[in-house]
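If you want the building blocks of each chain, they are given just below.
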Amino acid sequence: VLSSALVIWIVSVLYPVWEYLKPPKSPGENPSMVLAGTTDEMKKNSGKIFKFGNKPGILIDTPGGDIRAFTAICTHLGCTVQYRPDLEHIWCACHDGHYDLHGINIKGPPPSPLAPYDVQIKGKDIYVTKKS
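Residues numbered from 1 in each chain as written. Predicted model: local features only at pLDDT ≥ 70, side-chain atom pairs only at ≥ 80, totals over all residues. Heavy atoms only, no water.

Things to note about the sheet that holds strand S2 (residues 46-52)
(1) Moving on: Pairing is antiparallel in the open sheet, where six strands are placed in the order S1-S10-S9-S4-S3-S2. Of all the strands in the sheet, just strand S1 (33-38) and S2 have a single pairing partner and so form its edges. Between one strand and the next, the sheet's axes are offset by a mean angle of 30°, whatever the strand orientation.
(2) Moving on: Note that strand S9 (residues 116-122) and strand S10 (residues 125-130) share six bridges and pair antiparallel. Residue pairing for S10: Val-119 is matched across the bridge by Val-128. (Pairing = 2+ DSSP bridges. Helix = DSSP H or I, 4+ residues; strand = E, 2+ residues; numbered from the N terminus. Axes fitted to C-alpha atoms, helices over the stretch in contact; angles between N-to-C directions.)

Points about the nonpolar core
A general trend in soluble globular proteins is that nonpolar side chains are found buried together.
(1) Moving on: Membership of the largest hydrophobic core comes to 13 residues, with the highest contact counts inside it found for Ile-58, Ile-60, Val-81 and Ile-90.
(2) Moving on: Leave out the neighbours within four places in its chain, and Val-81 touches Ile-49, Ile-58, Thr-71, Ala-72, Cys-74, Ile-90, Trp-91, Cys-92, Tyr-99 and Leu-114.
(3) Moving on: Ala-36, Ile-67, Ala-69 and Val-128 belong to the second largest nonpolar core, which has 11 residues in total. (Core = buried A, V, L, I, M, F, W, Y, C linked by side-chain atoms within 4.5 Å. Buried < 20%, exposed > 50% of the residue type's maximum accessible area, 1.4 Å probe, protein only. Contact = heavy atoms within 4.5 Å.)

Overview of the side chain of Ser-46
(1) Moving on: Positionally, Ser-46 belongs in strand S2.
(2) Moving on: Judged by its relative accessible area of 17%, Ser-46 is buried.
(3) Moving on: When neighbours within four sequence positions are excluded, Ser-46 is seen to be in contact with Leu-59, Ile-60, Asp-61 and Tyr-83.

In structure tokens, the structure reads:
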């Protein structure tokens, strides 16, 4: 009886700890299309980070009014990039990397451009897909 009680107690303590430490299942590890935002929330010369599966993407409404999307992972060390409206380009704060509005690396240590995504606007929804 004591052995059974000890086993039950150990399991009741360890199971919640295991469930807490176990990484969560992420839905859609590799989606083909995601809803990145709406035209109402995008203002001219602004950017927005969105999730593309389990990775960040960046949606940009350029000063010219075009909507573009790229992976938001810097090609230097994998930091998340952001849009800087004052500079009118994409910037990585980790090591001062700069990308133009076509995702091309223009300054700093990033060795290659950001991967672009295709943007489709359906009504007010902005959908992003991987380039084929």
